[in-house]
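Results of the structural survey
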Amino acid sequence: MQTLRTAAEAAQAARRLARPLALVPTMGALHPGHLALVASARRDGAAVMATIFVNPLQFGPTDDFARYPRAFADDERQLAAAGVDLLFAPGVEEMYPAGFDSSIDPGAIATRYEGAIRPGHFRGVATVCMKLFGIAGADRAYFGAKDAQQVAVLQQVLRDFAIGPEIVVVPTVREDDGLARSSRNVYLTPAERAAAPGLYHALQGMADAVERGESNRDRIVAAGRARIHTPLREAYLDVVDPVTFELVPDIATAGSAAIAIGSGWLGSTRLIDNVPLNVAAAVAHDGIHESVAG
Ligand code: PAF
């Protein structure tokens, strides 16, 4: 694996790689979720390019930019072992040199949920990803399903500007107790770590309610809330359209896919997660109600 630090060198090296070229953008502090992205990229692509860049633009003033975990040597070793061909690991000055003055505003989708809690976050994500996409010129880019709103935001921008790469979404990798793998899990104290799967259990409670035929958003959310216990504190639980991240008031009549999204605080660490909802179950149950009523 070749490691390059400048955009010009990385762009030149990427152009020489075999096609289709698969890109795995990361902020480092790699965990099995990242390695699942690389494994998917390896399976689909003739060559794989990864990036490691802790992007200051996507951290707000009260976010954890300074303390975000950094483990470059170990990350580099893991990516090489996983079969990555090219690693681009720029510094902040390289990505945002003096005079860099553009940004991508993804619009309304970036103001909801994560965007409401972290104003400017998705502008930072979209801006850095557009620059990484430009440097790599990849055919496909790989992102984890855990960050569903990030995926939806990037799809929106790529759709709006009619540009590639194609986004490939890789299923969330979980610990045995259901906790979604995240670089931020290292912040959790042992007591917080023990409580952390509660977020996934709440989302599963929402999915179970749908399986039983519940389609109303308020009642689905209530089923999730019933599983949130101290020390876990809810930041949000909701039922949304996975493309627009607009709230879905009733999944039986929405007619499209719906996902349960959630975020919870443990001390000063905030976790996010999501699960798909079986819209067909709610629709089928709605049909039964209608035929009984009719
Ligand atoms: O998901 C991440 O790790 C980051 O948001 C990304 C996509 C690498 C952009 O900095």
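Predicted model only: the values in this text are computed from it and were never measured.

Turning our attention to the domain arrangement of the protein chain. Split into domains, the protein chain comes out as domain 1 (2–170) and domain 2 (188–289). For domain 1 versus domain 2, the distance between C-alpha centres works out to 27 Å. Contacts between the two partners involve 14 residues from domain 1, matched on the other side by 19 residues from domain 2. At the boundary of domain 1 with domain 2, total buried surface from both sides reaches about 1,200 Å², with 54% on carbon and sulfur atoms. Sorting the residues of domain 1 by area buried against domain 2 places Tyr113, Glu114 and Lys146 first, and these three jointly supply 43% of that buried surface. Put simply, domain 1 and domain 2 have two salt bridges between them. A salt bridge links Arg112 to Glu246, with the shortest nitrogen-to-oxygen separation between them at 4.0 Å. If you look at where domain 1 meets domain 2, you find six residue pairs in polar contact (both at pLDDT 80 or more). At the level of elements, α5 (114–117) and α7 (148–161) are the ones that each hand at least two residues to the side of domain 1 that touches domain 2. The biggest single contributor to the side of domain 1 that touches domain 2 is α7, with four residues. Its residues assigned to classes, the side of domain 1 that touches domain 2 comprises six nonpolar, one polar and seven charged.

A word on the packing of helix α6 (residues 121–136) against α7. The geometry of α6 relative to α7 is characterised by a closest axis approach of 10 Å and an angle of 60° between their N-to-C directions. Taken together, the axis directions place α6 and α7 in an arrangement best described as oblique. You can see that α6 and α7 cross each other, and the crossing is right-handed. Contacts from Phe122, Val125, Ala126, Cys129, Met130 and Phe133 in α6 reach Gln149, Gln150, Val153, Leu154, Val157 and Leu158 in α7. When its residues are assigned to classes, the contact of α6 with α7 shows 10 nonpolar, two polar and no charged.

This brings us to the environment of Ala284. For Ala284, the position within the fold is in helix α12 (residues 279–293). Assessed through its relative accessible area of 46%, Ala284 is described here as partly exposed.

Regarding helix α1 (residues 7–16), the residues found buried are Ala7, Ala10, Ala11, Ala13 and Ala14. Down the axis of α1, the sector holding all buried residues measures 170°, keeping them to one side. In this structure, α1 carries Ala8, Gln12 and Arg16 as exposed residues pointing more than 90 degrees from its buried face.

Judged by nonpolar contacts, the single largest core of 46 residues is most densely connected at Met49, Phe88, Met95, Phe133, Phe143 and Phe245. Looking at this core element by element, the count peaks at 10 residues for α6. A domain split of this core shows at least three residues from each of domain 1 (2–170) and domain 2 (188–289). Other than its neighbours up to four places away in sequence, Phe143 contacts Pro25, Leu37, Cys129, Phe133, Gln150, Val151, Leu154, Ile167, Val168, Val169 and Val170. Residues Ala196, Leu203, Met206 and Ile228 belong to the second largest nonpolar core, which totals 28 residues.

Cut-offs used in this document
Residues numbered from 1 in each chain as written. Predicted model: local features only at pLDDT ≥ 70, side-chain atom pairs only at ≥ 80, totals over all residues. Heavy atoms only, no water. Domains from an automatic or database assignment. Contact = heavy atoms within 4.5 Å. Buried area = accessible area lost by both parts, 1.4 Å probe. Salt bridge = Lys/Arg side-chain N within 4 Å of Asp/Glu carboxyl O. Polar contact = N/O pair within 3.5 Å; in protein donor to acceptor, adjacent residues only side chain to side chain. Helix = DSSP H or I, 4+ residues; strand = E, 2+ residues; numbered from the N terminus. Nonpolar A, V, L, I, M, F, W, Y, C, P; charged D, E, K, R; others polar. Axes fitted to C-alpha atoms, helices over the stretch in contact; angles between N-to-C directions. Parallel < 35°, antiparallel > 145°, perpendicular 65-115°, else oblique. Left-handed = near helix turned anticlockwise from the far one by under 90°. Buried < 20%, exposed > 50% of the residue type's maximum accessible area, 1.4 Å probe, protein only. Arc of directions from axis to C-beta. Core = buried A, V, L, I, M, F, W, Y, C linked by side-chain atoms within 4.5 Å.

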